Amino acid sequence: MCGIVGYAGNVETACGKPLEVCLQGLQRLEYRGYDSAGVALTAPGMDHVEVRKKAGRLANLIEDVERNPMPMATVGIGHTRWATHGRPSVANAHPHTSCDGRIAIVHNGIIENFAELREELEARGHHFKSETDTEVFAHLIEEAYAQSEGGAG
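Residues numbered from 1 in each chain as written. Predicted model: local features only at pLDDT ≥ 70, side-chain atom pairs only at ≥ 80, totals over all residues. Heavy atoms only, no water.

(A) Inspection of the overall build of the protein chain at higher detail. On a plain count of helices and strands, the protein chain comes out with four helices and six strands. Ordered by position from the N terminus, the helices and strands of the protein chain form the series β-α-β-β-α-β-β-β-α-α. Relative to the compact-globule value of 15 Å for 153 residues, the protein chain shows a C-alpha radius of gyration of 15 Å, a close match. Summarising its shape, the C-alpha atoms of the protein chain cover approximately 45 × 40 × 25 Å along the three principal directions. Taken over 153 residues, the protein chain has a buried fraction of 43%. Accessible surface computed for the protein chain: about 8000 Å², of which carbon and sulfur atoms make up 53%. A gap of 6 Å separates the mean positions of the 14 positive and 21 negative side-chain charges of the protein chain. (Helix = DSSP H or I, 4+ residues; strand = E, 2+ residues; numbered from the N terminus. Rg over C-alpha atoms; globule rule 2.2 N^0.38 Å. Buried < 20%, exposed > 50% of the residue type's maximum accessible area, 1.4 Å probe, protein only. Areas by Shrake-Rupley, 256 points an atom, 1.4 Å probe, with all protein chains shown as cover. Lys, Arg positive; Asp, Glu negative; His and termini not counted. Charge placed at Lys NZ, Arg CZ, Asp CG, Glu CD.)

(B) Spatial organisation of a nonpolar patch on the surface. Taken together, the side chains of Y31, Y34 and W82 present a nonpolar region at the surface, about 300 Å² in accessible area. Considering the arrangement of structural elements, one finds Y31 in the loop between α1 (18-29) and β2 (36-42). (Patch = residues over 30% accessible without salt bridge, like charges linked within 9 Å, V, L, I, M, F, W, Y side chains within 5 Å. Salt bridge = Lys/Arg side-chain N within 4 Å of Asp/Glu carboxyl O.)

(C) Inspection of the environment of E30 at higher detail. On the secondary structure map, E30 appears in the loop between α1 and β2. Since its relative accessible area comes to 14%, E30 is described here as buried. Along the sequence, E30 and I111 sit 81 residues apart, while their C-alpha atoms lie 23 Å from each other. With sequence-adjacent residues up to four places away left out, E30 is seen in contact with R57, L58 and T80. Among the polar contacts listed, one links the side chain of E30 to the backbone nitrogen of L58, at a separation of 2.9 Å. (Contact = heavy atoms within 4.5 Å. Polar contact = N/O pair within 3.5 Å; in protein donor to acceptor, adjacent residues only side chain to side chain.)

(D) Looking closely at the sheet that holds strand β4 (residues 75-81). Read across the sheet, four strands follow the order β1-β4-β2-β3 without closing on themselves; strand pairing throughout is antiparallel. Both edges of this open sheet fall to β1 (2-8) and β3 (50-55), since each of them pairs with a single strand only. Averaged over all neighbouring strand pairs, the angle between strand axes comes to 10°, with direction disregarded. Relative to β3, β2 runs antiparallel, the two sharing six bridges. Of the residues in β3, the one forming a bridge with G38 is K53. Where α1 meets the sheet, it contacts β1, β2 and β4, and its direction lies at approximately 155° from that of β1. (Pairing = 2+ DSSP bridges. Axes fitted to C-alpha atoms, helices over the stretch in contact; angles between N-to-C directions.)

(E) Inspection of the nonpolar core at higher detail. In terms of nonpolar packing, the biggest core is built from 14 residues, with L19, L23, V39, L58, L61 and M70 touching the most fellow members. In this structure V39 touches L19, C22, L23, L26, E50, V51, R52, L61, M70, I77, G78 and P95, once residues within four positions along its chain are discounted. In terms of nonpolar packing, the next biggest core, distinct from the first, is built from six residues, I111, F114, L117 and L121 among them. (Core = buried A, V, L, I, M, F, W, Y, C linked by side-chain atoms within 4.5 Å.)

Structure (structure tokens):
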């Protein structure tokens, strides 16, 4: 079980900034996962997704963001985790990113064939940072995106 929240919009709207929306949403969903919490932010012009994650309760992430502010953004996703694949740790916390850092993903569920997918992706040069099943999605999306960019141009 995990908690997932997302926001896309303008940083100057009445509901607030994407980071604040994500953190407030995660506070409401924290009962769905105490092992770790994380957020990812992006905006037009950013060359990568800015990710921040912490092991343990959501308060650890909030304290870190208050000490080291994240950039302004227009899109954010957040996640609280109960571990299924991979022990509770910062490396295994969501969001997970692609090799190039342009794609970030959160997920609630189990990918039954993740070991086989991971092996195939590693054979094609992908590097993994976690022990989770979810990270394979970020790399699969990265490949599909690269193929669509190559086919379009």
